[in-house]
Amino acid sequence: MPLVTTKQLLLDAQKGGYAIGAFNVENMEMVQAVVAAAEELKSPVIMQTTPSTVKYADMSYFYATVKNAAEKASVPVVIHLDHGNSFELAMQALRVGYTSIMIDGSHRTFEENIALTKSVVKACHPSGIPVEAELGKVGGKEDDLEGGYENPYTDPKEAKIFVEKTSVDSLAVAIGTAHGVYKGIPKLDMERLSEIREVVSIPLVLHGTSGVPDDVVMGCIQRGICKVNYATDLRISFSNGVKSVLKEHPETIDPKKYNAQGREKVKQYVMSKIKVCGSVGKAK
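We now turn to the structure provided with this report. (Residues numbered from 1 in each chain as written. Predicted model: local features only at pLDDT ≥ 70, side-chain atom pairs only at ≥ 80, totals over all residues. Heavy atoms only, no water.)

1. Remarks on the packing of aromatic side chains
Consideration 1: Applying the stated criterion to the full structure yields 4 aromatic pairs.
Consideration 2: Measuring from centroid to centroid gives 6.4 Å for F110 and F162, while their planes differ by 45 degrees, and the two rings are tilted. Placement of the pair is F110 in helix α6 (residues 110-124) and F162 in helix α7 (residues 156-166), with a sequence separation of 52 residues.
Consideration 3: F162 sits in the buried class, given a relative accessible area of 0%.
Consideration 4: Put simply, the rings of F23, Y230 and Y269 pair up and form one aromatic cluster. (Phe/Tyr/Trp six-rings, centres within 6.5 Å; stacked < 30°, edge-to-face > 60°. Helix = DSSP H or I, 4+ residues; strand = E, 2+ residues; numbered from the N terminus. Buried < 20%, exposed > 50% of the residue type's maximum accessible area, 1.4 Å probe, protein only.)

2. Quick look at the packing of α6 against α7
Consideration 1: Where α6 meets α7, the closest approach of the two axes is 9 Å, and the angle between their N-to-C directions is 35 degrees. Here α6 runs over α7; the crossing is right-handed. Residue-level inspection shows F110, N113, I114, T117, K118 and V121 of α6 in contact with α7, the latter providing E158, I161, F162, K165 and T166.
Consideration 2: Here the contact of α6 with α7 is built from residues that sort into 5 nonpolar, 3 polar and 3 charged. (Axes fitted to C-alpha atoms, helices over the stretch in contact; angles between N-to-C directions. Left-handed = near helix turned anticlockwise from the far one by under 90°. Contact = heavy atoms within 4.5 Å. Nonpolar A, V, L, I, M, F, W, Y, C, P; charged D, E, K, R; others polar.)

3. Let's talk about the pairing of strand β1 (residues 20-24)
Consideration 1: In terms of residue burial, β1 counts as a mostly covered element, since 5 of its 5 residues are buried.
Consideration 2: In β1, alternate side chains face the same way, and those of I20, A22 and N24 on one face and G21 and F23 on the other are all buried.
Consideration 3: For β1 and strand β10 (residues 225-230), the ladder comprises 4 bridges, and the chain directions are parallel. Bridging across to β10, G21 finds its partner in V228.
Consideration 4: Relative to strand β2 (residues 45-49), β1 runs parallel, the two being bridged by 3 bridges. The partner of N24 across the bridge, within β2, is Q48.
Consideration 5: Since β1 and β2 lie parallel, the crossover through helix α2 (residues 28-41) that links them has a hand, and here it is right-handed. (Pairing = 2+ DSSP bridges. Right-handed = clockwise from strand over helix to strand, strands pointing away.)

4. Focus on helix α4 (residues 59-71)
Consideration 1: Given a rise of 1.5 Å per residue, 13 residues ought to cover 18 Å, and the 18 Å separating the end C-alpha atoms of α4 matches this to within 8%.
Consideration 2: Residues of α4 that are buried include every one of M59, F62, Y63, V66, A69 and A70, and no others. For α4, the angular spread of the buried residues around the axis is 135 degrees, confining them to a single face.
Consideration 3: Elements in contact with the buried residues of α4: α2, β2, α3 (51-56), β3 (77-84) and α5 (87-96). (Expected span 1.5 Å × (residues − 1). Arc of directions from axis to C-beta.)

5. A look at the sheet that holds β1
Consideration 1: The 8 strands lie next to each other as β1-β2-β3-β4-β5-β8-β9-β10, forming a closed barrel whose pairing is parallel. Each strand of the sheet is rotated relative to its neighbour by a mean of 25 degrees, with strand direction disregarded.
Consideration 2: Sheet analysis places β2 next to β3, joined by 5 bridges and oriented parallel. Directly across from T49, in β3, lies its bridge partner L81.
Consideration 3: Contacts from α6 reach β4 (100-103) and β5 (131-135), with the element oriented near 175 degrees to β5.

In structure tokens form, the structure reads like this:
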């Protein structure tokens, strides 16, 4: 089917008490793996690219790959810009055809974040493209943006003001998750999430979920998270698949042989997280 936006998918998830998995893809095999997993479980799915990914290979390459996969699929597929770091990049994604756009102004002041987000919303909404923003600062590192701030958590009162002033469609909240590989088990501020849910009516997004225990993620979904992002563990899964082939058969020179194993590892990982999100059978 044609690519869809995140707008109705997230509203349906919010109403139904589940979440949609959002998976960062780096190559054709990862795109194939994510769609195959979604097809097998009859789940909607979101595929994402970050600024560093689209810098490595032009945004139009990823758009074309995901668009082709979506048109051959029987489940809803979204192509989303993850952590768009400028108005210009967001507009590039809009022009290319991305069906969901994140503008991340969380590393700016509260007022600057509002102004930047509002400008992207104003540009995207006439085309029916929803916008995700971030308030608070998720720890770790996403592309070239460093986390780990003195007061990184999303303030519920600020979240209410932010959503009202920007008219953003979904909001990524900072409750203790981090990008990259965790050193130990993350401890999330679940009460803060509930407080945000009480004052913000739009779908909420959880970033930095790779490495967060599944039961904790499910607890977040029960408290209002409607989109769950996974990136680091997909890269690890793909790399482990490739390494396993080269370790057992170091003479292998055909990329299709080791990439196929990477693809299978990503598919199995994505299937496990779709089940965690509770979106099995939710494709319409």
